[in-house]
Amino acid sequence: IVEMKSSYTASNIIKAKEQVVGAYLKLHSLFSLLQSYNASEWVVRGIIASFSPSAERVQDFIRKKDQKDKKDIASYFCYNFQRDKKYIMPEKNCKAFFSPLNVPEIALYYVAVPGKADSHTVDFKNIIA
């Protein structure tokens, strides 16, 4: 499941994370109508793509992370996600957070599009390897 955002802001990335979950739930509900569908055979992966964050934005994430401002967990998440390019949402956490919905583990990957480029080529095998 791919979500694209025009900029790497905390609100955009958190929204994209929720949209990946929503898209999964929608696909799951549609596929569950098929006799051959077995949810346990699927691995859910989300890709969030945006233009690369500016150096100032990254510094702002770092500053908030270093302050350990628990109220700004979104900035903390965004800094780590941009740095690591990957985040695994464990099934236990997904089930607790999205209760009563049945949400499995979802791996999220980040693709940074450099320099406001009009196009960007991505090899998905390298991202999800």
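Residues numbered from 1 in each chain as written. Predicted model: local features only at pLDDT ≥ 70, side-chain atom pairs only at ≥ 80, totals over all residues. Heavy atoms only, no water.

1. Thoughts on the sheet that holds strand β3 (residues 86–89)
Strand pairs in the sheet, formed through backbone hydrogen bonds, run parallel or antiparallel to each other. Pairing is mixed in the open sheet, where 4 strands are placed in the order β1-β2-β4-β3. Across the chains shown, the open sheet's two edge strands, defined by having one partner strand only, are β1 (2–5) and β3. Each strand of the sheet is rotated relative to its neighbour by a mean of 20°, with strand direction disregarded. Where helix α1 (residues 10–31) meets the sheet, it contacts β1, β2 (44–51), β3 and β4 (106–113), and its direction lies at approximately 155° from that of β1. (Pairing = 2+ DSSP bridges. Helix = DSSP H or I, 4+ residues; strand = E, 2+ residues; numbered from the N terminus. Axes fitted to C-alpha atoms, helices over the stretch in contact; angles between N-to-C directions. Contact = heavy atoms within 4.5 Å.)

2. Examining the pairing of β2
Within β2, 6 of the 8 residues are buried, which leaves it mostly tucked inside the rest of the structure. Where β1 and β2 come together, 4 bridges link them in parallel fashion. Bridge pairing in β2 links V2 to I47. Following the chain from β1 across α1 to the adjacent parallel β2, one finds a crossover that is right-handed. In this structure, β2 lies alongside β4, joined through 8 bridges in parallel fashion. From the neighbouring strand, R45 faces β4, where its bridge partner is A107. (Buried < 20%, exposed > 50% of the residue type's maximum accessible area, 1.4 Å probe, protein only. Right-handed = clockwise from strand over helix to strand, strands pointing away.)

3. Focus on the pattern of salt bridges
One pass over the full model with this rule turns up 2 salt bridges. The shortest N-O distance in the salt bridge between D84 and R83 comes to 2.7 Å. Of the residues examined, R83 reaches a relative accessible area of 42% and is grouped as partly exposed. Among the salt bridges present, the one from K95 reaches E91, with a minimum N-O distance of 3.2 Å. With K95 and E91 both in helix α4 (residues 91–97), this residue pair falls 4 residues apart, about one helical turn. (Salt bridge = Lys/Arg side-chain N within 4 Å of Asp/Glu carboxyl O.)

4. Some words on the side chain of N12
Considering the arrangement of structural elements, one finds N12 in helix α1. Take N12: its relative accessible area is 19%, and that puts it in the buried class. Those residues in contact with N12 that sit more than four places away from it in its chain are K5, S6 and S7.

Fair warning: the whole summary comes from geometry, so function is off the table for now.
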